[in-house]
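Given next are the chains, with one letter for each unit.
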Amino acid sequence: MVSVVTHPLVQHKLTLMRDVRTGVKEFRELASEVSLLLAYEAMRDLELTTETLETPIQQGDFPVLTGKKLALVAILRAGLIMTEAIVTLVPAAKVGHIGLYRDPETLLPVAYYNKLPADIAERRVFVTDPMLATGGSASAAIQSLKDAGAQNITLMCILAAPEGVAVIERDHPDVHIVVAAVDSHLNDHGYIVPGLGDAGDRIYGTK
Ligand code: PRP
Ligand code: URA
């Protein structure tokens, strides 16, 4: 299932991210802000219970989070900015890292790092990567999470191509994708069109 977050704040900020004139500082800030707004949607079905407490006025039963504990997993390197933003909302979440880069020739993911919470199988997992292009990186990351026992996985991306969405739906039909927009297509170099360019380079100023 794919959820496109059409909220005007998300769409406005995404447009600013697309703009080639947007510099590193603003791009980072926007990526963090959009990530928080995506988390609002991705986490809308977190379980609640009630706790009895006293306000300064009277006692009552009030909602608090319950259910599975959370894990945020960043696909390095661009996904890092998303987990760093989202962990401020859910500070008890554990954070995992999966290092993958896309070979520029073959467009296939190359794995170089994997460090996950030991109890990942017991946690609800939110995987972050700003870009879902061919889908190769996200599909490989999700497979390594499943190999480690994770069962309840949501993929959070800022921008996707239809090709990447189709790959995740084929390889991992159980995974919910939350994204700010699904663009037109991939170009011959595997970049999302119209897209926003290379997310990692724009976040870290490496181009
Ligand atoms: C980018 C992006 C995704 C991947 C998407 O990472 O952050 O991880 O490409 O492409 P795919 O869907 O075709 O696999 P990149 O390989 O540029 O690495 P980086 O995050 O280290 O810059
Ligand atoms: N990775 C990016 O950072 N951007 C794209 O458009 C495709 C893959």
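Structure first, text after, so check above.
This structure is a prediction, so every number in the text was calculated from the model and none was measured. (Residues numbered from 1 in each chain as written. Chains lettered and ligands numbered in written order. Predicted model: local features only at pLDDT ≥ 70, side-chain atom pairs only at ≥ 80, totals over all residues. Heavy atoms only, no water.)

## Structural notes on the packing of aromatic side chains
Now for step 1: The full count for this structure, using the stated rule, is one aromatic pair.
Now for step 2: Directly above the aromatic system of Tyr191 lies the positively charged group of Arg102, at a separation of 5.6 Å from the ring centroid. (Phe/Tyr/Trp six-rings, centres within 6.5 Å; stacked < 30°, edge-to-face > 60°. Lys NZ or Arg CZ within 6 Å of the ring centre and 35° of its normal.)

## Quick notes on the site of ligand 2
Now for step 1: Every residue close to ligand 2 is listed here: Arg102, Met131, Ala133, Gly190, Tyr191, Ile192, Gly197, Asp198 and Ala199.
Now for step 2: Between ligand 2 and Gly197, the relevant distance is 2.8 Å, taken from a nitrogen atom to a main-chain nitrogen or oxygen of the residue.
Now for step 3: One of the backbone N or O atoms of Ala199 is found 2.8 Å from an oxygen atom in ligand 2.
Now for step 4: Alone, ligand 2 offers 240 Å² of accessible surface; in the complex the protein occludes 88% of this.
Now for step 5: Its atoms largely coinciding with the cavity grid, ligand 2 occupies the largest pocket.
Now for step 6: By residue class, the composition of the shell around ligand 2 is five nonpolar, two polar and two charged. (Near = heavy atom within 4 Å. Polar contact = N/O pair within 3.5 Å; in protein donor to acceptor, adjacent residues only side chain to side chain. Areas by Shrake-Rupley, 256 points an atom, 1.4 Å probe, with all protein chains shown as cover. 1 Å grid on protein atoms, 1.4 Å probe; cavity = no way out; pocket = protein on both sides within 12 Å on 5 of 7 lines; lining within 4 Å. Sits in = over half its atoms within 2 Å of the grid points. Nonpolar A, V, L, I, M, F, W, Y, C, P; charged D, E, K, R; others polar.)

## Regarding the packing of helix H1 (residues 8-18) against helix H2 (residues 24-42)
Now for step 1: Remark: H1 packs on H2, axes separated minimally by 9 Å, with the N-to-C direction vectors making an angle of 155°. Put simply, H1 runs roughly antiparallel to H2. Taken as a pair, H1 and H2 cross one another with a handedness that is left-handed. Residues Leu9, Val10, Lys13, Leu14, Leu16 and Met17 of H1 form the contact with H2, whose participating residues are Glu26, Phe27, Leu30, Ala31, Glu33, Val34 and Leu37.
Now for step 2: Residue classes in the contact of H1 with H2 are distributed as 10 nonpolar, no polar and three charged. (Axes fitted to C-alpha atoms, helices over the stretch in contact; angles between N-to-C directions. Helix = DSSP H or I, 4+ residues; strand = E, 2+ residues; numbered from the N terminus. Parallel < 35°, antiparallel > 145°, perpendicular 65-115°, else oblique. Left-handed = near helix turned anticlockwise from the far one by under 90°. Contact = heavy atoms within 4.5 Å.)

## A short note on the pattern of salt bridges
Now for step 1: Overall, the coordinates contain 11 salt bridges when judged by the stated rule.
Now for step 2: The partner of Lys25 in a salt bridge is Glu29, and the shortest N-O contact between them spans 2.8 Å. Taken together, the positions of Lys25 and Glu29, both in helix H2 and four residues apart, correspond to about one turn of that helix.
Now for step 3: Taking the relative accessible area as the measure of exposure, Lys25 reaches 61% and is therefore exposed.
Now for step 4: Connected via shared salt-bridge partners are Lys94, Asp119 and Arg123. (Salt bridge = Lys/Arg side-chain N within 4 Å of Asp/Glu carboxyl O. Buried < 20%, exposed > 50% of the residue type's maximum accessible area, 1.4 Å probe, protein only.)

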